[in-house]
Amino acid sequence: MQYRILRSARRTMALEVTRDGEVLVRAPLAVSDREAARFVAAHAQWLARAEARQAARRAAHPEPTEAEAEALRRRAREVLPEKVARYAARMGVTPAGVRITSARTRFGSCSGQNRLCFSWRLMQYPEAAIDYVVVHELAHIRHHDHSPAFYAFVAQFLPDYRQRAALLRR
């Protein structure tokens, strides 16, 4: 099995399968190559499942062509600001701004200054999932965490938010 070792000032070893399918072994500085190999071998079943999940994710959401990506960006610029404005009014919050990004690892974020960012890649998902991400990020303006109060606030506007969030994991 191919893997790459990343050593750093950490105390424990960890495995990661990246979105591209690369296996990373995160290890303390003092860990030998042999110890890392034993760690990988001991976790072979977990690695096989993780690699299969990432392969399925890549198959379900292949990287769009440049033309497709531009169409998704255009749609994001049209759809997301309108959704943000509509939900913000209902939720009684005011974002400081909305940006469309090319983020690969998160669909949305809310800064400490209440600026919202959304990845254009979100446009590849169902409308219900898009609405969930918008409401989720707007809720961070009121609750800057993922506390029970945060999710209660989200549920006021999207009682089925759990099912909507599940759409993002498919």
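Participant: Any chance you could explain the packing of helix 4 (residues 127-142) against helix 6 (residues 161-168) here in plain terms?
Facilitator: Think of two packed helices as two axes; the pair is described by the angle between the axes and how far apart they sit. The contact between helix 4 and helix 6 brings their axes to 8 Å, and the two run at 110°. Taken together, the axes of helix 4 and helix 6 are roughly perpendicular relative to one another. Taken together, the residues of helix 6 that come into contact with helix 4 (itself represented by Ala128, Ala129, Asp131, Tyr132 and Val133) are Tyr161, Arg164, Ala165, Leu167 and Leu168. When grouped by side-chain class, the residues that make up the contact of helix 4 with helix 6 number eight nonpolar, no polar and two charged.

Participant: Which parts of the structure should I look at to understand unusual backbone geometry?
Facilitator: Comment: phi is negative for the bulk of residues other than glycine, and the bulk of peptide bonds are trans. Positive phi values are uncommon outside glycine, yet Asn114 reaches one of about 65°. Along the chain, the position of Asn114 falls in the loop between strand 5 (108-110) and strand 6 (115-119).

Participant: Help me out: how do you make sense of the sheet that holds strand 6 in this one?
Facilitator: Consider a sheet: its strands pair through backbone hydrogen bonds, and that pairing is either parallel or antiparallel. Sheet architecture is open: three strands sit in the order 4-6-5, paired in mixed fashion. Across the chains shown, the open sheet's two edge strands, defined by having one partner strand only, are strand 4 (97-101) and strand 5. Ignoring which end each strand starts from, the neighbouring axes of this sheet average 15° apart. Here strand 5 runs beside strand 6; their pairing, made up of three bridges, is antiparallel.

Participant: Mind showing me how you'd approach the environment of Arg10 here?
Facilitator: With respect to the helices and strands, Arg10 occurs in the loop between strand 1 (4-8) and strand 2 (14-17). Considered as a pair, Arg10 and Arg38 are 28 residues apart in the sequence and their alpha carbons are 18 Å apart. Looking at Arg10, its side chain comes within polar contact range of the main-chain oxygen of Thr12, at 2.6 Å.

Participant: What is the right way to look at the packing of helix 4 against helix 5 (residues 148-157) in this model?
Facilitator: Interaxial distance between helix 4 and helix 5 falls to 9 Å at its minimum, and their mutual angle equals 130°. Taken together, the axes of helix 4 and helix 5 are oblique relative to one another. The chirality of how helix 4 crosses helix 5 is right-handed. Taking contact as the criterion, the partners of Tyr132, Val135, His136, Ala139, His140 and Arg142 in helix 4 are, on helix 5, Phe150, Tyr151, Phe153, Val154 and Phe157.

Participant: Sorry if this is basic, but what is going on with the nonpolar core here?
Facilitator: Most often, soluble globular proteins keep nonpolar side chains buried together rather than apart. Formed by 35 residues in total, the largest nonpolar core has its most connected members in Leu80, Met91, Phe118, Leu122, Met123, Tyr132 and Leu138. Where this core is concerned, the elements lending two or more residues are helix 3 (66-91), strand 6, helix 4, helix 5 and helix 6. Core analysis: the next-biggest nonpolar cluster, separate from the first, contains eleven residues, Leu15, Val23, Val31 and Leu47 among them.

The rules we used
- Residues numbered from 1 in each chain as written.
- Predicted model: local features only at pLDDT ≥ 70, side-chain atom pairs only at ≥ 80, totals over all residues.
- Heavy atoms only, no water.
- Axes fitted to C-alpha atoms, helices over the stretch in contact; angles between N-to-C directions.
- Helix = DSSP H or I, 4+ residues; strand = E, 2+ residues; numbered from the N terminus.
- Parallel < 35°, antiparallel > 145°, perpendicular 65-115°, else oblique.
- Contact = heavy atoms within 4.5 Å.
- Nonpolar A, V, L, I, M, F, W, Y, C, P; charged D, E, K, R; others polar.
- Pairing = 2+ DSSP bridges.
- Polar contact = N/O pair within 3.5 Å; in protein donor to acceptor, adjacent residues only side chain to side chain.
- Left-handed = near helix turned anticlockwise from the far one by under 90°.
- Core = buried A, V, L, I, M, F, W, Y, C linked by side-chain atoms within 4.5 Å.
- Buried < 20%, exposed > 50% of the residue type's maximum accessible area, 1.4 Å probe, protein only.

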